[in-house]
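# Summary of the model geometry
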Amino acid sequence: MAKVKVATAWLDSCSGCHMSFLDLDEALIGLADKLEFGESPITDFKKFTPCDVGILEGSISNKHDEEVARDLRANCKILMVLGDCACFGGINNMRNLFNTDDVIARYYSTESTAQNSAAPHSKELPALVKVRPVNQVVKVDCYVPGCAPKPSAILYALSELLDGRIPVLPGEIMRFD
Ligand code: SF4
């Protein structure tokens, strides 16, 4: 049987959701028989190609995040969002309480730098946008909340997808033990 091709990406995030994925430990060996990883921070292949399942971690916080989300959505059949940042905006939502210029100025002028250090200006730097969950930019098919989601929740979701079902996580899986 052909393996299910999976691609993942992280947007505005701490990478903790991908770390939780790696915390599947020995279950990853069982999944390796059924899943094939394409583009992902884990494989470091960067250009999306058509895949069965796309997985996004992190909120949409800048123009580049929007592009990555749209690119993966266009290349995958099912899009799963992983973690509270991707599902709801998460802790990154706190930035929406402040003016973007003030946030940038505060970032580059801290107690350990010269006051009023100039923020770098480069067209390579993506413009910040209002922080949003992924489903405010592209259609999302399934959600695995948590900060970070428990490995058992990720395994449940992937197992459901491999069995041909869109996962709906039961409450007990989302609670921390
Ligand atoms: S949901 Fe939590 S663990 Fe995942 S990227 Fe956001 S802050 Fe990190």
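This text goes with the structure placed above it.
Structural notes, computed from the coordinates. Just so it is clear, the model here is predicted, and its values are computed rather than measured.

Reading guide: rules and limits
- Residues numbered from 1 in each chain as written.
- Predicted model: local features only at pLDDT ≥ 70, side-chain atom pairs only at ≥ 80, totals over all residues.
- Heavy atoms only, no water.
- Helix = DSSP H or I, 4+ residues; strand = E, 2+ residues; numbered from the N terminus.
- Rg over C-alpha atoms; globule rule 2.2 N^0.38 Å.
- Buried < 20%, exposed > 50% of the residue type's maximum accessible area, 1.4 Å probe, protein only.
- Contact = heavy atoms within 4.5 Å.
- Areas by Shrake-Rupley, 256 points an atom, 1.4 Å probe, with all protein chains shown as cover.
- Lys, Arg positive; Asp, Glu negative; His and termini not counted.
- Charge placed at Lys NZ, Arg CZ, Asp CG, Glu CD.
- Pairing = 2+ DSSP bridges.
- Patch = residues over 30% accessible without salt bridge, like charges linked within 9 Å, V, L, I, M, F, W, Y side chains within 5 Å.
- Salt bridge = Lys/Arg side-chain N within 4 Å of Asp/Glu carboxyl O.
- Near = heavy atom within 4 Å.

Glancing now at the overall build of the protein. Check the secondary structure of the protein and you find 7 helices and 7 strands. Across the protein, helices and strands are ordered from the amino to the carboxyl terminus as β-α-α-β-β-β-α-β-α-α-β-β-α-α. Scaling as 2.2 N^0.38, a compact globule of 177 residues should have a C-alpha radius of gyration of about 16 Å, and the protein matches this with 18 Å. With respect to the three principal axes, the spread of C-alpha positions in the protein is 60 × 40 × 30 Å. The buried share of the protein, reckoned over its 177 residues, is 42%. Excluding contacts between residues fewer than 6 apart, the proportion of contacts in the protein whose partners are at least 24 apart in sequence is 78%. Of the accessible surface of the protein, which amounts to about 10,200 Å², a share of 57% is contributed by carbon and sulfur atoms. Counting 18 positive and 24 negative side-chain charges, the protein places the centres of these two groups 6 Å from one another.

Position of Val140 among the secondary structure elements: in the loop between strand E6 (128–132) and strand E7 (142–144). Through-space distance from the C-alpha of Val140 to that of Cys87 is 9.2 Å; in sequence the pair is 53 residues apart.

Two faces make up the sheet, and in a regular strand the side chains alternate between them. Summarising burial for strand E5 (residues 76–82): 5 of the 7 residues are buried, a large majority. By the bridge criterion, 6 bridges tie strand E3 (residues 51–57) to E5 in an arrangement that is parallel. Along E5, the bridge assignment pairs Glu57 with Leu82. Where E5 and E7 come together, 3 bridges link them in parallel fashion. Of the residues in E7, the one forming a bridge with Leu82 is Val144.

Right, let's get into a nonpolar patch on the surface. The grouping of Trp10, Met19, Leu22 and Ile42 at the surface amounts to a nonpolar patch, some 360 Å² of accessible area in total. Assignment of secondary structure puts Trp10 in strand E1 (residues 4–10).

All residues adjacent to the ligand are Ser13, Cys14, Gly16, Cys17, Glu57, Gly83, Asp84, Cys85, Gly146, Cys147 and Ala148. Contributing elements (two or more residues each) for the shell around the ligand: helix H1 (16–22) and helix H4 (84–88).

Below, the discussion takes up the pattern of salt bridges. Under the defined criterion, the tally for this structure stands at 8 salt bridges. In this structure, Arg165 engages Glu160 in a salt bridge whose closest nitrogen and oxygen atoms are separated by 2.9 Å. Taken together, the shared-partner salt bridges in this structure form one network comprising Lys63, Glu66, Arg70 and Arg132.

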